[in-house]
Amino acid sequence: MFLALKQNTKGRDFAVGDIHGQFTRLKGALDNLGFNSDADRLISVGDLVDKGPESHLVVDWLEQPWFYAVCGNHDDFVVRRETVDQDSWLSNGGAWWLATSRDQQAEIAAWMDGLPIGIEVETTRGLVGIVHADCPAPTWGQFKEAIAAGGGKAKRAKSTAMWSRERITYEDGIPVADLAALVVGHTPVNATTVLGNVHYI
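Procedures and definitions
- Residues numbered from 1 in each chain as written.
- Predicted model: local features only at pLDDT ≥ 70, side-chain atom pairs only at ≥ 80, totals over all residues.
- Heavy atoms only, no water.
- Core = buried A, V, L, I, M, F, W, Y, C linked by side-chain atoms within 4.5 Å.
- Buried < 20%, exposed > 50% of the residue type's maximum accessible area, 1.4 Å probe, protein only.
- Axes fitted to C-alpha atoms, helices over the stretch in contact; angles between N-to-C directions.
- Helix = DSSP H or I, 4+ residues; strand = E, 2+ residues; numbered from the N terminus.
- Parallel < 35°, antiparallel > 145°, perpendicular 65-115°, else oblique.
- Left-handed = near helix turned anticlockwise from the far one by under 90°.
- Contact = heavy atoms within 4.5 Å.
- Nonpolar A, V, L, I, M, F, W, Y, C, P; charged D, E, K, R; others polar.
- Polar contact = N/O pair within 3.5 Å; in protein donor to acceptor, adjacent residues only side chain to side chain.
- Arc of directions from axis to C-beta.

Draft legend 1. Seen up close, the nonpolar core. Core analysis: the largest hydrophobic core is formed by 47 residues, its most contacted members being Leu 42, Leu 48, Val 58, Phe 67, Val 78, Phe 143 and Leu 182. Counting residues in each nonpolar core, the second largest holds 10 residues, with Leu 5, Val 128, Ile 130 and Ala 181 among its members.

Draft legend 2. The packing of helix 7 (residues 140–149) against helix 8 (residues 151–163), seen in detail. Two elements in contact, helix 7 and helix 8, have axes whose closest approach is 6 Å; the angle formed by their N-to-C orientations is 130 degrees. If you check the angle between helix 7 and helix 8, you find them oblique. Of the two elements, helix 7 crosses helix 8, and the hand of that crossing is left-handed. Counted together, Phe 143, Ala 146, Ile 147 and Ala 149 of helix 7 and Gly 151, Lys 153, Ala 154, Ala 157, Lys 158 and Ala 161 of helix 8 form the full contact between these two elements. Classifying every residue of the contact of helix 7 with helix 8 gives seven nonpolar, one polar and two charged.

Draft legend 3. Summary view of the environment of Asp 47. For Asp 47, the position within the fold is in the loop between strand 3 (41–44) and helix 2 (58–62). Assessed through its relative accessible area of 2%, Asp 47 is described here as buried. A distance of 3.2 Å separates the side chain of Asp 47 from the backbone nitrogen of Asn 73, its partner in a polar contact.

Draft legend 4. Quick peek at helix 7. Here helix 7 has its buried residues at Trp 140, Phe 143, Ala 146 and Ile 147. Projected onto a plane normal to the axis of helix 7, the buried residues spread over an arc of 120 degrees and lie on a single side. Structural note: helix 7 exposes Glu 145, Ala 148 and Ala 149 on the side pointing more than 90 degrees away from its buried face. Gly 150 sits one or two positions beyond helix 7 and adopts a positive phi of about 70 degrees.

Remember, this is a structural readout, not a statement about activity or role.
Right, here's the structure in full:
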């Protein structure tokens, strides 16, 4: 459920907000940054699919050794594909899934089923955490403990990590302890917004 990345000593690490099937636009942004796939890494805050026109290309990106992603609430629609409310998914950009072949659905689902709920990256400034929406505990360590506990505790922690907008709604500036920074997406912002050590991109 958690992926730990060692410090990147060869190149740069970039974080990207919700992609939502806009992979051509993402490639253009990386080209503008001079992204070097032999040294740099790209870490996504999730919501790789739905809404945009290229959700079906998600596996092409997840197969890249320099690309990492956490599970967002839209990615979780794929994970819960057998039980999710289909009308809700369709109204939130999920029509692409129904238009995708069974074989391609199976391949995409296999990748989505394996996405972590959190990523932690070692940096020269300390540990940086990545989740989709928010850390559901005062500390990163407590978040990991809640997920490891399983059952209802883990289910609530996962839900908060993928869906919560409480921190930004109430402008809660209390930092997440034992992290240098936490990077999240989920909530649309016009520019990077920082509350405590939580960076909304």
